[in-house]
Amino acid sequence: MIIRLDPALSTSQLSHIHQTLKDIHHTAHDVQTQSTHYLVCMGKMPADLRRIGLLPGVADVHAVADAYQLVSSKWKTARTQIDLGDGVKIGGGHFAIMAGTCSIENEEQIVQTIAHLKAQDIRIMRGGVFKPRSSPYTFRGLGLEGLQLFYQHCKAAGIKIITEVMQPAQVAQMHDYVDIFQVGARNTQNFNLLAELGQQHKAVLIKRGMSGTIEELLQSAEYVFSGGNENIMLCERGIRTFEPAYRNTFDINAIPLLKEKSHLPVIADPSHGTGIRRMVPQIALAAAIAGADGILYETHPEPEKALSDGHQSLSHEESAQLVARLQALLPFCNPA
């Protein structure tokens, strides 16, 4: 059960609500987000919603049986829209394209990528500065100094930044330079990191784990929401299966299912979903048709020279072709 509290709630009214819940053997968890105060309630027996709804200080009440409550569409039927400022919005009918290099490598690469994005009217740039790599001997990112350089150029160009955060201690360091914190597939169940991101007001994109279920992804989002941060996006990026012909199996089914189960925006990552450059545009278009609220993909000035994931990164020419095809397709899609 989710109780949305009145903004003018008094301390005595809140105490009375808590006591009423205690009397019916329900445990209430206070969740104060950027805009709203909720009580997420758990109990062995169903509560009388009419009685709870009439309590002074209660704005409305909803019965939600899912283990993930706050991110469920069963209580919030309107789609969540994330506003990054400067006219950049994601979800609620706003389709977002986020593109850039797998890793931030040097200043020249940043400048070239920004020029490409501006030419395509793309307002969000992706780029990793802390890279979780399978081998400890491969390039692992430029770290905080690379992020500061990344931010300096994007800020001047009016471009928003999405980049991966790997551990709780990095959140405060990165905060002033990031518009969207990305939680990678390897960290989807790093609950300490998710709890820390719940304390922030900046947007968070959570990728599905390599072997993660839909419910596990939604539970990860619940961790962030329950900490007080409503600005969350879900990302389908392919899962590990028995098929060795491509890097991952992109689960196109996940997009409409996540849209059905949750009110949060759903983003598709066709670069990691396939791991094969020539397949990225096709899967990106398929994801848009399936109802995705945005696409996150990799593009590099010279993919064959990329320090990471060059085999799945589009050239700038290929990226421009994909954007043109998406723009032609989107009027026939319904991401809302």
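Here the structure is shown first, and the text comes after it.
Novice: Help me understand the sheet that holds strand 3 (residues 37-43) in this model?
Specialist: Pairing between sheet strands relies on hydrogen bonds along the backbone, with the strands arranged either parallel or antiparallel. Strand order in the open sheet formed by four strands is 2-3-1-4, and the pairing between neighbours is antiparallel. On the outer flanks of this sheet lie strand 2 (26-32) and strand 4 (58-62), each paired with one strand and no other. Strand after strand, the sheet turns through a mean of 20 degrees between neighbouring axes, direction not considered. In the sheet, strand 2 pairs with strand 3 via seven bridges, with the strands oriented antiparallel. Within strand 3, the residue paired with alanine 28 across the bridge is cysteine 41.

Novice: How do you make sense of the packing of aromatic side chains when you look at a structure like this?
Specialist: Both the distance between ring centres and the angle between the ring planes are used here to describe each pair of aromatic rings. Under the counting rule described, the total for this entry stands at four aromatic pairs. Ring geometry for tyrosine 38 versus tryptophan 75: centroids 5.4 Å apart, planes at 80 degrees, classification edge-to-face. Residue tyrosine 38 is located in strand 3, and its partner tryptophan 75 is located in the loop between strand 4 and strand 5 (82-85); the two are separated by 37 residues in the primary sequence. By the burial criterion, tyrosine 38 is buried, and tryptophan 75 matches it. Geometrically, the ring pair formed by tyrosine 151 and tyrosine 177 is edge-to-face, given 5.4 Å between the ring centres and 75 degrees between the ring planes. Remark: tyrosine 177 occurs in the loop between helix 5 (168-174) and strand 10 (180-183) and tyrosine 151 occurs in helix 4 (residues 143-157); sequence separation between them is 26 residues.

Novice: Would you mind going over the layout of surface pockets with me for this structure?
Specialist: It is the rolling of a water-molecule-sized probe over the atoms that shows where space remains empty. Roughly 270 Å³ of internal volume is contained in the second largest pocket. As for the second largest pocket, its lining consists of 15 residues, and the residues nearest its centre are Phe95, Ala96, Ile97, Asp121 and Arg123. Looking at the lining of the second largest pocket, the elements with two or more residues in it are strand 6 (88-90), strand 7 (96-103) and helix 11 (316-329).

Conventions we followed
Residues numbered from 1 in each chain as written. Predicted model: local features only at pLDDT ≥ 70, side-chain atom pairs only at ≥ 80, totals over all residues. Heavy atoms only, no water. Pairing = 2+ DSSP bridges. Helix = DSSP H or I, 4+ residues; strand = E, 2+ residues; numbered from the N terminus. Axes fitted to C-alpha atoms, helices over the stretch in contact; angles between N-to-C directions. Phe/Tyr/Trp six-rings, centres within 6.5 Å; stacked < 30°, edge-to-face > 60°. Buried < 20%, exposed > 50% of the residue type's maximum accessible area, 1.4 Å probe, protein only. 1 Å grid on protein atoms, 1.4 Å probe; cavity = no way out; pocket = protein on both sides within 12 Å on 5 of 7 lines; lining within 4 Å. Points joined across faces, edges and corners; volume = space filled by probe spheres on them.

Don't take any of this as a statement about function, it's just geometry.
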